[in-house]
Amino acid sequence: MGRIKINNELLRIMDDYNLFMSSCKNTVMPIFVTKEKPNHKTSLYKEQMLVSDKPFGDTLINCEIRDKNLLNYSFQILSDRLNNRVLARLDEGNGVHRNNIPDIPLAEQVVSTPHFHKYDSYGRFLAYKTDSLNSYNEKPLEIEEGFRIFCEEEMISSIDGSPSRIEIKEDGVLPFDYDNDPLAGISF
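Model, not experiment: these values are computed from the prediction.

A. Molecular detail of the overall build of the chain. Helix and strand content of the chain: four helices and 13 strands. Here the C-alpha coordinates of the chain stretch approximately 75 × 40 × 30 Å along the principal axes. Within the chain, the proportion of its 188 residues that are buried is 43%. If you sum the accessible surface of the chain, you get close to 10800 Å²; carbon and sulfur atoms cover 52% of it. On the chain, the mean spot of the 22 positive side-chain charges and the mean spot of the 30 negative ones are 6 Å from each other.

B. Quick peek at the nonpolar core. Counting residues in each nonpolar core, the largest one holds 38 residues, and the members touching the most others are F75, I77 and F147. Tallying contributions element by element places helix 4 (residues 143-154) first for this core, with five residues. Ignoring anything within four residues of it in the chain, the contact list for F147 reads M29, I31, I61, C63, F75, S164, R165 and I166.

C. Broad picture of the environment of N94. Tracing the backbone through its elements, the reader meets N94 in the loop between strand 7 (86-92) and strand 8 (96-98). Relative accessible area serves as the criterion here: at 48%, N94 is assigned to the partly exposed category. For the pair N94 and E142, spaced 48 residues apart in sequence, the C-alpha separation works out to 14 Å. In this structure N94 touches R66, N72 and T113, once residues within four positions along its chain are discounted.

D. Here's a closer look at the pairing of strand 6 (residues 73-79). Counting buried positions over the seven residues of strand 6 gives seven, a clear majority of the element. Neither face of strand 6 is exposed, since Y73, F75, I77 and S79 on one face and S74, Q76 and L78 on the opposite face are all buried. Two strands pair when backbone bridges link them, and strand 5 (residues 59-65) and strand 6 are joined in this way by seven bridges, in the antiparallel orientation. If you follow I61 over to strand 6, its bridge partner there is I77.

E. Unusual backbone geometry, seen in detail. Cis rather than trans, the peptide bond between M29 and P30 has omega equal to -5°. As for its position among the elements, P30 is in the loop between strand 1 (25-27) and strand 2 (31-33). Between T113 and P114 the backbone carries a cis peptide bond, its omega angle lying at 0°. Along the chain, P114 turns up in the loop between strand 9 (110-112) and strand 10 (115-119). Phi at D67 is positive, roughly 55°, even though this residue is not glycine. Position of D67 among the secondary structure elements: in the loop between strand 5 and strand 6. Note on D67: relative accessible area 46%, which makes it partly exposed. One non-glycine residue, K68, adopts positive backbone phi at about 50°. In this fold, K68 is placed in the loop between strand 5 and strand 6.

F. Structural view of the side chain of K118. Tracing the backbone shows K118 in strand 10. Side chain to side chain, K118 and E154 meet in a polar contact 3.2 Å long. Discounting residues that sit within four places of it in the chain, K118 has contacts with Y17, M21, L87, A88, R124, F125, L126, Y128, E153 and E154.

G. Up close: the pairing of strand 5. The buried fraction of strand 5 is high, at seven of seven residues. Relative to strand 5, strand 4 (residues 40-52) is paired through seven bridges, and the arrangement is antiparallel. Residue pairing in the sheet places E47 in a bridge with N62 of strand 5. Counted along the chain from strand 4 to the antiparallel partner strand 5, the turn is six residues long, and its residue G57 has a positive phi close to 75°.

Cut-off values and rules
Residues numbered from 1 in each chain as written. Predicted model: local features only at pLDDT ≥ 70, side-chain atom pairs only at ≥ 80, totals over all residues. Heavy atoms only, no water. Helix = DSSP H or I, 4+ residues; strand = E, 2+ residues; numbered from the N terminus. Buried < 20%, exposed > 50% of the residue type's maximum accessible area, 1.4 Å probe, protein only. Areas by Shrake-Rupley, 256 points an atom, 1.4 Å probe, with all protein chains shown as cover. Lys, Arg positive; Asp, Glu negative; His and termini not counted. Charge placed at Lys NZ, Arg CZ, Asp CG, Glu CD. Core = buried A, V, L, I, M, F, W, Y, C linked by side-chain atoms within 4.5 Å. Contact = heavy atoms within 4.5 Å. Pairing = 2+ DSSP bridges. Polar contact = N/O pair within 3.5 Å; in protein donor to acceptor, adjacent residues only side chain to side chain.

As structure tokens, then:
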């Protein structure tokens, strides 16, 4: 893995980025993750608008479940104000991330999942842990809990005051238990 690049575009608007990231953001809850990702048919995703008192272009929350595995997911805040669009992210189930930069000691560069990503004051998109994520080093972070923690960290709440929630329902698939036979116990 190469060194982490500095986002010079972001450095020019760092004050606006910090103001947006520290402001409250709202969206409609629950977020229904239902669609197949066009470029990765085995993944489900959903993007929807985020509203903030301190806007940073058109911003979205993105939820992705990789390979339809509820223990392999990502939540992101995106903006059209930056070319690469990602402002912050939470990853689970996708291995470790290395913050390959000289001012971080080698022993501290590897960050296991789950972890957050955010830009630092030098324009580097770094992985980091919070106290709420440290307890999940040995066990996976369930998607509902991961979403709740992501919303807390990034100050995202529901427009109507309801709890932060995510629901996964693949389009065209009815929410039935597959191992239940509705004809079990009936003699023909």
